[in-house]
Structure formats: structure tokens, C-alpha cells
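Topology and contacts: notes
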Amino acid sequence: VFNDRKISKDNEIKKEGKLKEKLESSLVLSYTSLSEFYKCPYSFYLKRILKINKTSDTNDLFIGNLFHDVLYNVLSKEKEYSVDDIKDLVLDFYNREMIETNNKNNLFLDIYVYYLYNVYLYILKISKRTIFDSSSYEEKYSMVLPQYGYKLEGKIDKVLTTVIKGKEYAIVLDYKTGSDVINFNNIIHGYDMQILIYYYLLNSIKEVEFGGGYIEHILPKNIIKKEKNKTYAELLDNYYRYNGYTNRDIVVISSIDRNFDDKSYLYGIDLKGTTDLSANAIKRTITDDDYHILLSIVEKKIKEATQKIYNGEFKIKPTYLDKLACSFCPYKGICYYKEEDIEYLKKYNDLSFFKEVDDDSN
């Protein structure tokens, strides 16, 4: 079906009807695939259109699936779980995935059970400090995008909601077994859109305001270093804190964490004096207006990507932001990118790109 495609001098895939026909009815986008497109359109083409799939790290995938499966089971049911209950759930997952229980796997099993039980206890502890109620666990959201009929999908690990000042606010949580971070400064480039794409999907159902968008790290990727006068349990609790962005309104913050002024479980959120947020906390918060601007930018990036996909614009154009997008790309042996193909992206801090967005709209 792709024999009538060719690469032009500007590295653009020229479609002649069949690509359009194939994509109009079948393309499903996610924050991951959109990020791939913005990091390098040609890599997206190879993976998402031609289905030349790279070899994935099956061990990381297995661990991620295990932790998500167990946490879904313990958090979606109103009962208390012991460490033995957690172990039974891990073994049940092993059986379903046909993982052999031998000495090697049993060693890792004990490690997984230890961290799963501790993160479960931590989640129970902080749930008593918020007025937000759990709304959904591991739920898939989808919408049909206008213009071309492509689908946008996302599976959100956890959504919590409450009503404040007559408006519904939501918290979006994403559990990670790695060391990922959220950086809204990269959204202008189509990077790091996961949390706000989730909000975009939620708003396709009903309007919600931004309470907070967080990653909760649930399995340390590296050894947690010992600190003077701190127990390992305290260090682990510090590791588990929600890491991301929070609404800047003190009323919203105190609704998320009633004790936020006394070592909040929201990473980086603290006070300067008795009533004002610290300078560091300001960097980790956004206003309602900021949120709506960010959502509009995400919508524009989705439309921009779908337009280019529809037109078959899959240039060999790896981007550079902190590092080259194709540093670990498995397709380097196919594309033969050159230095002049690289697009160097501007780095922003403290949402400073807002001014440029305003200038463009005027």
C-alpha cells in the first residue's frame, strides 16, 4: 500500500491517496504518539504508520503492568490489605502472565511486594488529608478529533474530584516506576503533554478546572541514599510525594492537602511566612488562567500534528531539547539524518513562552 510513496528532497513523504484512505478510518493518537511525532515526524511514520515497531524493554513493561494491576485492585476496593494480600495479588499476576516462580523471580517478587505494600500504605495515609474523592481508577478516555475523524485516547491511572467555589476541580495522577518528571515549559514544543492531554480528554466529557497534575513515583529506579537523622521509611515517604503542578489558589491547595503548611505531600509546595507561597512553590503552581492557556496550546498542538499527519508531512527532523530526540532511536539505521535536519528548540522557564503565544495571537 505504500509503494507509491517517495521521499522528496525536503524529506517529506508524498501521499497519493492511499495513505489518506488508510488513516482516515484507523488512526488512534495518544500523548505518547503525539510526543513521538513532535520529536521526529519520520520516526512517527516508521513506527505508527508503517508499524516498524522497535524492540521494547519487556522487563520495564512487565514491572509497570504489575504495579498498575496491583494498585488498581487494592485502591478500587473498600477493604484493607495486608502484606500477604499484596503478595497474593502479585502471585495472581504472575500466574496470569505465566511468569515462572523460581529462586530468581521470587527474589524480585519480595522486592515488588515490599514497595507495593509501602506505597499502598502511603496512599491510604495521604487520602485522609484531602477533601478530593476518588473518581476513577485506570479508566480509558477517548474522543473523536474534529476535521479528520482521528481518535485521541488516554488511560488515566487515577482521577480525584471535588467542588470548590461552585466549580468542579480535578486531580490527575500518573503512577510511574521510572524517574519521569512533568515540565509544562516543554508543552509549546509538543513535549510533556501527558497530564494536560488527560485534562483535555476529561473536558471533552464535562468541564473541570485544574486542581493538580502529578506523577507519583512508586518504585525507586535507583538506591535511595541515606540521610542523616532520617529513617528509610521517612526517605521513602519523601520519594512517594506527588511531583508535578498544583493550582496556585491557597483554597485549592488546602483542599488537596489540609496540612500542606506542615511538610506537604505535594512536592515543593510550602509557605514563605504564614500565608504566601514560597518562590519555589510559585514555580510548581499555575493559575486558572494559566491552565486554560495551556489547554488551548495543547489543543493547537494536537490540531497541528493531525493536519501534518493528514497531509503526509513526515520529515526527517529530529529535535534537540536538552538532548537529541534520536539519541536512543532504533531507526537511525533507516533515516540517515544529517546535522542540517536537526531542529534546535528554545528552552523556557516559568512558562515564559506565554508572552510569545500572546504576541502570535495579536
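Throughout what follows, the structure given in this document is the object of discussion. Values in this document were obtained by computation on a predicted structure and should not be read as measured data. (Residues numbered from 1 in each chain as written. Predicted model: local features only at pLDDT ≥ 70, side-chain atom pairs only at ≥ 80, totals over all residues. Heavy atoms only, no water.)

Time to look at helix 8 (residues 232–240). Along helix 8, the residues that are buried comprise Leu235, Leu236 and Tyr240. End-on view of helix 8: buried residues confined to an arc of 140°, all on one side of the axis. (Buried < 20%, exposed > 50% of the residue type's maximum accessible area, 1.4 Å probe, protein only. Helix = DSSP H or I, 4+ residues; strand = E, 2+ residues; numbered from the N terminus. Arc of directions from axis to C-beta.)

Counting 60 residues, the largest nonpolar core has Leu29, Leu152, Phe184, Tyr199 and Leu294 as the members making the most contacts within it. Sorting elements by how many residues they give to this core places helix 11 (residues 288–310) first, with nine residues. The contacts of Phe184, once residues within four sequence positions are left out, are Ile195, Leu196, Phe210, Tyr245, Ile286, Leu294, Leu351 and Phe353. Listed in part, the 48 residues of the second largest apolar core include Leu71, Val90, Tyr122 and Phe132. (Core = buried A, V, L, I, M, F, W, Y, C linked by side-chain atoms within 4.5 Å. Contact = heavy atoms within 4.5 Å.)

We now examine the pairing of strand 6 (residues 167–176). For a regular strand, side chains alternate in direction, first toward one face of the sheet and then toward the other. The buried fraction of strand 6 amounts to eight of the ten residues, a majority that puts the element mostly inside the structure. Here strand 5 (residues 151–164) pairs with strand 6 via seven bridges, running antiparallel. Note that in strand 6 the partner of Leu160 across the bridge is Ile171. Linking strand 5 to strand 6, which pair antiparallel, is a turn of two residues; within it Lys165 sits at a positive phi near 55°. As defined by bridge partners, strand 6 adjoins strand 7 (residues 209–217) across eight bridges and the pair is classed as parallel. Counterpart to Ile171 in the pairing with strand 7 is Gly212. Since strand 6 and strand 7 lie parallel, the crossover through helix 7 (residues 194–203) that links them has a hand, and here it is right-handed. (Pairing = 2+ DSSP bridges. Right-handed = clockwise from strand over helix to strand, strands pointing away.)

Our focus in this paragraph is the packing of helix 7 against helix 11. Taken N-terminus to C-terminus, the directions of helix 7 and helix 11 make an angle of 90°; their axes are 10 Å apart at the nearest point. As judged from the angle between their axes, helix 7 and helix 11 are roughly perpendicular. The residues of helix 11 that touch helix 7, namely those facing Leu196, Ile197, Tyr199, Tyr200 and Asn203, are Tyr291, Leu294, Leu295, Val298, Glu299 and Ile302. Looking at the contact of helix 7 with helix 11 residue by residue, the class counts come to nine nonpolar, one polar and one charged. (Axes fitted to C-alpha atoms, helices over the stretch in contact; angles between N-to-C directions. Parallel < 35°, antiparallel > 145°, perpendicular 65-115°, else oblique. Nonpolar A, V, L, I, M, F, W, Y, C, P; charged D, E, K, R; others polar.)

Compared with an ideal rise of 1.5 Å per residue, which puts 23 residues at 33 Å, helix 11 spans 33 Å between its outermost C-alpha atoms and is within 8% of the ideal. Taken together, the buried positions of helix 11 are occupied by Asp290, Tyr291, Leu294, Leu295, Ile297, Val298, Lys301, Ile302, Ala305, Thr306, Ile309 and Tyr310. Residue Gly312 follows helix 11 closely and has a positive phi angle near 70°. (Expected span 1.5 Å × (residues − 1).)

Keep in mind these numbers describe shape, not what the thing actually does.
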